[in-house]
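Coordinates in review
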Amino acid sequence: MKLDPDQYYVRKNYGDGVACNAPWNNMYFTVTGSVSPCWKLPGYVDNWSEDRSIMDIWTGEGFEKYRKAIQNSQFLDRCKECENDIACGIWPLAKAYEKFTVKEYPSLMELELSNQCNLECTMCSGLLSSGIRKNREKKPPLPMIYSPKFKEQLREFIPHLEELRFNGGEPFAQLIVLEICEMVAEIHPELKINIATNGTVYNKRVQRILDTCNIHLNISIDSFIPERYESIRINGKFDKLMENFDIFHNYCKSNNRSLSVMINPMITNWDEMVAATTWVDNKDVNLWFNTILYPEDQALWNKPYDTLLEVYKTMKHQMNTEYKMGRNHKTLYHLIEAQIKEWLLDSLVRDDE
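Let us look at the structure shown here. What you see is a predicted model, and the numbers here were worked out from it, not measured in a lab.

1. Points about the overall build of the protein
Looking only at helices and strands, the protein features 13 helices and nine strands. Relative to a compact globule of 353 residues, whose C-alpha radius of gyration would be 20 Å, the protein shows 20 Å and is just as compact. Seen along its three principal axes, the alpha-carbon backbone of the protein occupies a region of about 55 × 50 × 45 Å. Expressed as a percentage of the 353 residues in the protein, the buried residues total 53%. By sequence separation, contacts in the protein at least 24 residues apart represent 71% of the contacts at least 6 residues apart. Just so you have it, the protein exposes about 16,300 Å², and 50% of that area is on carbon and sulfur atoms.

Here you go:
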């Protein structure tokens, strides 16, 4: 089944037209087989199986339901979170899908195909870490949902993509990710492939993927204090991370590829976010702050007013006195003056209830 391109409604500007393009330009696949327009909606939309193809899902009732809702300014299920962020002036997840083309095929795919991972991070779960599932949760391994049939179905979509993203677990430790990258190298080598990695896996096969594909990297670093990093990223070695970071950094600079550092501000590391921004600025790469919602003991959003007031005042003081405005100033400013300030105001409401 093919979609009629005329049915697509292309938004005009942010805040004008539809609030989110994701139902028209993205497919997000999770380790459980759920498929949705973004990572907030797995379990609500559709599921891949050997009997339900990628195209079945893209043209199916699930995606169409969310397209119609957004066209009518209705925010279903967890879309309401973006509705609230927009109302509060906080960058919503919807903003991430602005730049991608709306057309007959998806222009972006985000693949979270396996929970295979060498780390057992304190803020993660067995859904995205095989080690946590085995050692912390004492559960059997997750079944591998995506068969060779899935990889073959991807062949039809790859020529139409503007970007392919791999998330979840550690992609460089997953055979299926490496095999898909090798397939992309054969049929669409210029396709941008963005890989979210913990930065601790580097070997000859990874280097071959770097050599043959258009790889861009998001490297997670939650602390620049070795002992703290290793207490958060369990099984990780800070020195190895820094050694690999230099390899990846040199690769990206030499090949004009983007590299971003991703940091999860949490109750255990918020005090070094300003210094971390300086570190990233000095590497001349981009910085992204992720929001940890769960587990709640690691998160910041749910802390009481007095705690969040200390976080806000301390970080604002550090930014004003210790930070020299650099490449990622806007990102740091938004974290403090939009995100944390909003959590601070929300805490007043919670404390009054």
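2. A look at the pairing of strand E9 (residues 286–289)
The alternating pattern of E9 places Leu-287 and Phe-289 on a buried face, while none of Asn-286 and Trp-288, on the opposite face, is buried. As paired strands, strand E8 (residues 259–263) and E9 are joined by four bridges and run parallel to one another. Its bridge partner being in E9, Val-261 is matched across the sheet by Leu-287. Note on the crossover from E8 through helix H11 (residues 273–283) to E9: the handedness is right-handed.

3. Some thoughts on the layout of surface pockets
Estimates place the volume of the second largest pocket at around 270 Å³. Taken together, 20 residues make up the lining of the second largest pocket; nearest its centre are Ser-114, Asn-115, Gln-116, Leu-142 and Met-144. When residues of the lining of the second largest pocket are traced back to their parent elements, those giving at least two are helix H5 (130–136) and helix H7 (175–187). For the lining of the second largest pocket, a count of residues per class yields ten nonpolar, five polar and five charged.

4. A word on the sheet that holds strand E5 (residues 163–166)
Two pairing modes exist for strands in a sheet, parallel and antiparallel, and in both the strands are linked by backbone hydrogen bonds. Reading across the sheet, the nine strands line up as E3-E2-E1-E4-E5-E6-E7-E8-E9 and stay open at both edges, with mixed pairing between neighbours. Two strands lie at the open edges of the sheet, namely strand E3 (46–47) and E9, each paired on one side alone. Here four bridges tie strand E1 (residues 26–29) to strand E4 (residues 108–111), and the two strands are oriented parallel to one another. Across the sheet, Tyr-28 pairs through a bridge with Glu-110, a residue of E4. Strand contacts of H7: E4, E5 and strand E6 (192–197), with the helix running at about 165° to E5, the strand carrying the most contacts. In this fold helix H10 (residues 238–254) packs onto strand E7 (214–220) and E8, with an angle of close to 145° to the strand it touches most, E7.

5. Details of helix H3 (residues 61–71)
Within the span of H3, buried status applies to Gly-62, Phe-63, Tyr-66, Arg-67, Ala-69 and Ile-70. The arc enclosing the buried residues of H3, seen along the axis, measures out at 165°, which places them on a common side. If you follow the buried residues of H3, they end up packed against helix H1 (22–25), E1, strand E2 (34–36), helix H2 (54–58) and helix H4 (79–88). Remark: Ser-73 follows H3 within two positions and exhibits a positive phi of approximately 60°.

6. Comments concerning the side chain of Ser-147
Turning to its location among the elements, Ser-147 is positioned in the loop between H5 and helix H6 (148–157). By relative accessible area, Ser-147 is classed as buried at 14%. Those residues in contact with Ser-147 that lie beyond four places of it in its chain are Trp-48 and Glu-50.

7. A closer look at the packing of aromatic side chains
For the coordinates displayed, the defined rule picks out twelve aromatic pairs. Measuring from centroid to centroid gives 5.4 Å for Trp-48 and Phe-150, while their planes differ by 85°, and the two rings are edge-to-face. You can see Trp-48 sitting in the loop between E3 and H2 and its partner Phe-150 sitting in helix H6, a full 102 residues away along the chain. Relative to Phe-150, the ring of Tyr-146 has its centre 4.6 Å away and its plane inclined at 55°; by these criteria the two rings are tilted. Judged by relative accessible area, which is 4%, Tyr-146 ranks as buried. The exposure class assigned to Phe-150 is buried, which follows from its relative accessible area of 0%. By the ring-pair criterion, three or more aromatic residues cluster together here, those being Phe-29, Trp-48, Tyr-146 and Phe-150. Stacked on the ring of Trp-58, the Lys or Arg Arg-67 has its end atom at 4.6 Å from the ring centre.

8. Observations regarding the environment of Gly-169
As for its placement among the helices and strands, Gly-169 is situated in the loop between E5 and H7. When the C-alpha atoms of Gly-169 and Asn-198 are compared, they prove to be 8.8 Å apart, with 29 residues separating the residues in sequence. Residues in contact with Gly-169, not counting those within four places in the same chain, are Ser-114, Asn-115, Gln-116, Cys-117, Leu-128 and Gln-174.

The rules we used
- Residues numbered from 1 in each chain as written.
- Predicted model: local features only at pLDDT ≥ 70, side-chain atom pairs only at ≥ 80, totals over all residues.
- Heavy atoms only, no water.
- Helix = DSSP H or I, 4+ residues; strand = E, 2+ residues; numbered from the N terminus.
- Rg over C-alpha atoms; globule rule 2.2 N^0.38 Å.
- Buried < 20%, exposed > 50% of the residue type's maximum accessible area, 1.4 Å probe, protein only.
- Contact = heavy atoms within 4.5 Å.
- Areas by Shrake-Rupley, 256 points an atom, 1.4 Å probe, with all protein chains shown as cover.
- Pairing = 2+ DSSP bridges.
- Right-handed = clockwise from strand over helix to strand, strands pointing away.
- 1 Å grid on protein atoms, 1.4 Å probe; cavity = no way out; pocket = protein on both sides within 12 Å on 5 of 7 lines; lining within 4 Å.
- Points joined across faces, edges and corners; volume = space filled by probe spheres on them.
- Nonpolar A, V, L, I, M, F, W, Y, C, P; charged D, E, K, R; others polar.
- Axes fitted to C-alpha atoms, helices over the stretch in contact; angles between N-to-C directions.
- Arc of directions from axis to C-beta.
- Phe/Tyr/Trp six-rings, centres within 6.5 Å; stacked < 30°, edge-to-face > 60°.
- Lys NZ or Arg CZ within 6 Å of the ring centre and 35° of its normal.

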